Amino acid sequence: WVFNKKFRNRVRIISRGIIVGLGLLGLVPFLVILLPFFGMDRLLSFTIPFLFTCYSATILSFLAGVLWGRVLADDDSLLTFFILIFSNAMALFSWAGLLLYEASRASSLLLLMLGYLFILLAELRYRRRIFHKLDSGYFRLRVLLTGTVLVLHVFALFLQ
């Protein structure tokens with residue numbers, strides 16, 4: 001029993017480190033795509049704003065999928081139903097952000113920003129219900145990452 005408890009604690013510490021590491025590494029493409037903006041107008045024949053928007057839509061879809069996965073383990077409640085619908089709506093926000101890109105880059109980025117904000121607010125609102133096994137450090141990380149992503153989106157808006 002003592003060995004199992006120590007092992008579980010080590011796994012939890014390692015998992016926390018992986019979550020933080022992957023979360024921070026997820027910011028790298030946002031930054032890499034924006035940093036050369038002033039000196040390079042195309043990267044691999046795609047415009048930098050389009051690469052930024054595509055990556056943003058990918059991450060937003062991933063976050064929506066995380067919500068989907070978390071509530072599948074929950075009971076069949078009205079909240080579960082709501083979050084399943086919400087997570088699908090956020091994936092569609094992501095897709096709509098890509099579809100809007102050619103018509104209005106600003107609208108595309110603003111829609112993606114709203115998606116990030118909505119997902120963060122939903123996670124914070126229902127954290128005790130669907131994220132009850134995670135400590136508060138996860139949510140501090142989520143706020144930091146989402147805040148950074150939103151600031152980078154504002155920066156991308158001004159670079160257009």
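This one's a predicted model, so the numbers in the text were calculated from it and none came from an experiment.

Caption draft 1: A look at the overall build of the chain. Each helix and strand in the chain was counted, giving 7 helices and 2 strands. In the chain, the succession of helices and strands from N to C terminus is α-α-β-β-α-α-α-α-α. With 160 residues in all, the chain has 35% of them scored as buried. Pairs at least 24 residues apart make up 68% of the contacts formed inside the chain by residues separated by at least 6 positions. As presented, the chain carries roughly 9,900 Å² of accessible surface, and 72% of it is formed by carbon and sulfur atoms.

Caption draft 2: Fine view of helix 7 (residues 136-159). Counted at 1.5 Å a residue, the expected span for helix 7 with its 24 residues is 34 Å, and the 35 Å between its end C-alpha atoms agrees. When we look at burial in helix 7, the residues that qualify are Tyr138, Phe139, Leu141, Arg142, Leu145, Thr146, Val149, Leu150, Leu152, His153, Ala156 and Leu159.

Caption draft 3: Highlighting the packing of helix 3 (residues 48-72) against helix 4 (residues 78-100). With their axes 9 Å apart at the nearest point, helix 3 and helix 4 run at an angle of 170 degrees to one another. In terms of their interaxial angle, helix 3 and helix 4 are classed as roughly antiparallel. When helix 3 is examined against helix 4, the residues Thr53, Cys54, Ala57, Thr58, Leu60, Ser61, Ala64, Leu67, Trp68, Val71 and Leu72 are found in contact with a partner set consisting of Thr80, Ile83, Leu84, Phe86, Ser87, Asn88, Met90, Ala91, Phe93, Ser94, Gly97 and Leu98. Looking at the contact of helix 3 with helix 4 residue by residue, the classes come out as 15 nonpolar, 8 polar and no charged.

Caption draft 4: Inspection of the environment of Met113 at higher detail. Within the secondary structure, Met113 is located in helix 5 (residues 105-125). Judged by its relative accessible area of 13%, Met113 falls in the buried class. Counting along the chain gives 57 residues from Met113 to Ser56, while the straight-line C-alpha distance between them is 8.9 Å. Filtering out sequence-adjacent residues up to four positions away, Met113 remains in contact with Leu150, His153, Val154 and Leu157.

Caption draft 5: Quick peek at the packing of aromatic side chains. Following the criterion strictly, the structure yields 5 aromatic pairs and no others. Between Tyr138 and Phe139, the aromatic rings sit 5.1 Å apart at their centres with planes inclined by 85 degrees, giving edge-to-face as the arrangement. Judged by relative accessible area, Tyr138 falls into the buried class, the value being 14%. Feature note: the residues Phe82, Phe86 and Tyr126 constitute an aromatic cluster, connected by ring pairs. A cation over a ring is seen here: Arg127 above Phe139, with NZ or CZ 5.6 Å from the ring centre.

Caption draft 6: Expanded view of the side chain of Ser108. Looking at the secondary structure, you find Ser108 in helix 5. By relative accessible area, Ser108 is classed as buried at 0%. If we skip the residues at most four places from it in the chain, Ser108 touches Thr53, Gly97, Leu98, Leu100 and Tyr101.

Caption draft 7: View of helix 4. With 23 residues, helix 4 extends 32 Å between its outermost C-alpha atoms, agreeing within 8% with the 33 Å of an ideal straight helix rising 1.5 Å per residue. Three or more residues of helix 4 are buried, namely Leu79, Thr80, Ile83, Leu84, Phe86, Ser87, Met90, Ser94 and Gly97. The secondary structure elements touched by the buried residues of helix 4 are helix 3, helix 5 and helix 6 (127-130).

Caption draft 8: Looking closely at the layout of surface pockets. If you add up the space inside the largest pocket, you get close to 550 Å³. Forming the walls of the largest pocket are 22 residues, and the residues nearest its centre are Gly23, Phe62, Leu63, Arg142 and Leu145. Contributing elements (two or more residues each) for the lining of the largest pocket: helix 1 (2-25), helix 2 (27-34), helix 3 and helix 7. For the lining of the largest pocket, the per-class residue count stands at 16 nonpolar, 3 polar and 3 charged.

So, how was this worked out
- Residues numbered from 1 in each chain as written.
- Predicted model: local features only at pLDDT ≥ 70, side-chain atom pairs only at ≥ 80, totals over all residues.
- Heavy atoms only, no water.
- Helix = DSSP H or I, 4+ residues; strand = E, 2+ residues; numbered from the N terminus.
- Buried < 20%, exposed > 50% of the residue type's maximum accessible area, 1.4 Å probe, protein only.
- Contact = heavy atoms within 4.5 Å.
- Areas by Shrake-Rupley, 256 points an atom, 1.4 Å probe, with all protein chains shown as cover.
- Expected span 1.5 Å × (residues − 1).
- Axes fitted to C-alpha atoms, helices over the stretch in contact; angles between N-to-C directions.
- Parallel < 35°, antiparallel > 145°, perpendicular 65-115°, else oblique.
- Nonpolar A, V, L, I, M, F, W, Y, C, P; charged D, E, K, R; others polar.
- Phe/Tyr/Trp six-rings, centres within 6.5 Å; stacked < 30°, edge-to-face > 60°.
- Lys NZ or Arg CZ within 6 Å of the ring centre and 35° of its normal.
- 1 Å grid on protein atoms, 1.4 Å probe; cavity = no way out; pocket = protein on both sides within 12 Å on 5 of 7 lines; lining within 4 Å.
- Points joined across faces, edges and corners; volume = space filled by probe spheres on them.

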